[in-house]
Amino acid sequence: MSEYVYIAVMALTTYLIRMLPLTLFQKEIKSRFLRSFLAYVPCACLTAMTFPAILYATGNLLSGAVGLGVAVVLAFRGKGLVTVAAGSCAAVFLAERILSLLAL
């Protein structure tokens with residue numbers, strides 16, 4: 001019986017989270033500050049979710065940081081997504097190989 005209560009509470013919570021903004025904010029938001037703040041929310045959420053995964057995906061913080069550094073440098077130089085991803089994967093691979101050789 002309690003499982004049904006949990007499911008009902010979560011369904012109500014999910015419904016309210018999605019419907020309250022639609023009912024409360026029916027007029028267009030005119031504040032430049034609030035509009036610019038809301039425009040950056042998806043980027044901030046995506047960053048908060050992916051940044052820890054980037055660093056801890058390999059099991060070694062150092063190789064994750066090397067991959068992140070290479071990706072940032074390639075992205076700032078205007079390289080495409082495939083080039084950035086391949087470059088950071090290669091950097092992580094090389095860093096892992098070097099770290100495994102140093103551990104012997």
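The structure this text deals with has already been given above.
Bear in mind the structure is a predicted one, so any value in this text is a computation, not a measurement.

## Quick notes on the overall build of the chain
So, step 1. A tally of helices and strands in the chain yields four helices and zero strands.
So, step 2. Along the chain direction, N to C, the helices and strands of the chain fall in the order α-α-α-α.
So, step 3. Computed over the C-alpha atoms, the radius of gyration of the chain is 22 Å, more than 25% above the 13 Å expected from 2.2 N^0.38 for a compact globule of 104 residues.
So, step 4. If you line up the chain on its principal axes, its C-alpha atoms span 60 × 45 × 20 Å.
So, step 5. Each of the 104 residues in the chain was classed as buried or not, and the buried ones make up 11%.
So, step 6. Sequence separation of 24 or more characterises 38% of the internal contacts of the chain that already satisfy a separation of 6 or more.

## Focus: helix α2 (residues 32-56)
So, step 1. Taking 1.5 Å of rise per residue, 25 residues should cover 36 Å, and α2 covers 37 Å from first to last C-alpha, within 8% of that figure.
So, step 2. Largest kink in α2: about 35 degrees, centred on V41, with the proline P42 one to four residues after it.

## Re the pattern of salt bridges
So, step 1. Considering all chains together, one arrives at one salt bridge under this definition.
So, step 2. One salt bridge connects R35 with E28, and the closest N-O pair in it is separated by 3.4 Å.

## A few points about helix α3 (residues 61-76)
So, step 1. Taking 1.5 Å of rise per residue, 16 residues should cover 22 Å, and α3 covers 22 Å from first to last C-alpha, within 8% of that figure.
So, step 2. Among the residues making up α3, those that are buried are S63, G64, G67, A71 and L74. Buried positions in α3, seen along its axis, are confined to an arc of 105 degrees and lie on one side of it.
So, step 3. The inward-facing, buried residues of α3 abut α2 and α4 (81-103).
So, step 4. A positive backbone phi angle near 85 degrees is found at G78, which sits one or two residues after α3.

## Here's the deal with the side chain of S63
So, step 1. By the secondary structure assignment, S63 is in helix α3.
So, step 2. At a separation of 3.1 Å, a polar atom in the side chain of S63 contacts the main-chain carbonyl oxygen of N60.
So, step 3. Engagement of the side chain of S63 in a polar contact is seen with the side chain of E96, the distance being 2.6 Å.
So, step 4. The residues touching S63, leaving out its near neighbours within four places in the chain, are T58, V92, A95, E96 and L99.

## Focus on a nonpolar patch on the surface
So, step 1. Together, L12, Y15, L16, L20, L24 and F25 make up a nonpolar patch on the protein surface, roughly 650 Å² of accessible area in all.
So, step 2. The residue F25 is located in the loop between α1 (2-24) and α2 in this model.

The rules we used
Residue numbers restart at each chain and count upward from 1, following the sequence in its written direction. Where totals are concerned, whole chains, interfaces and linings use all residues; where local detail is concerned, this predicted model gives features only for residues with pLDDT of at least 70, and gives and counts side-chain atom pairs only at 80 or more. Side-chain measures were taken over the full set of non-hydrogen atoms in the model, leaving aside hydrogen atoms and water. Starting at the N terminus, helices and strands are each numbered in turn, a helix being any DSSP run of H or I of at least four residues and a strand any DSSP run of E of at least two. When we talk radius of gyration, it's over C-alpha atoms, and the globule rule is simply 2.2 Å times the number of residues to the 0.38. Burial classes follow relative accessibility: with a 1.4 Å probe on protein chains only, a residue under 20% of its type's maximum area counts as buried, one over 50% as exposed, and anything between as partly exposed. Contacts: residue pairs with any heavy atoms within 4.5 Å of one another. Every helix has an expected span of 1.5 Å times one less than the residues it contains. Here the bend at a residue means the angle between the axes of two seven-residue stretches, the one that ends at it and the one that starts at it. Salt bridges are defined by distance alone: a side-chain nitrogen of Lys or Arg within 4 Å of a carboxyl oxygen of Asp or Glu. Picture the helix axis, draw a direction to every C-beta atom, and the arc is the one those directions span. Here a polar contact is recorded for every N or O atom pair within 3.5 Å, except that within protein the pair must consist of a potential hydrogen donor and a potential acceptor, and residues adjacent in sequence are included only if both atoms are side-chain atoms. For patch building, the residue pool is restricted to those with more than 30% relative accessible area and no salt bridge; the joining distance is 9 Å between like charges and 5 Å between nonpolar side chains (Val, Leu, Ile, Met, Phe, Trp, Tyr). In short, Shrake-Rupley with a 1.4 Å probe defines the accessible areas, and a residue's cover is counted only from the protein chains shown.

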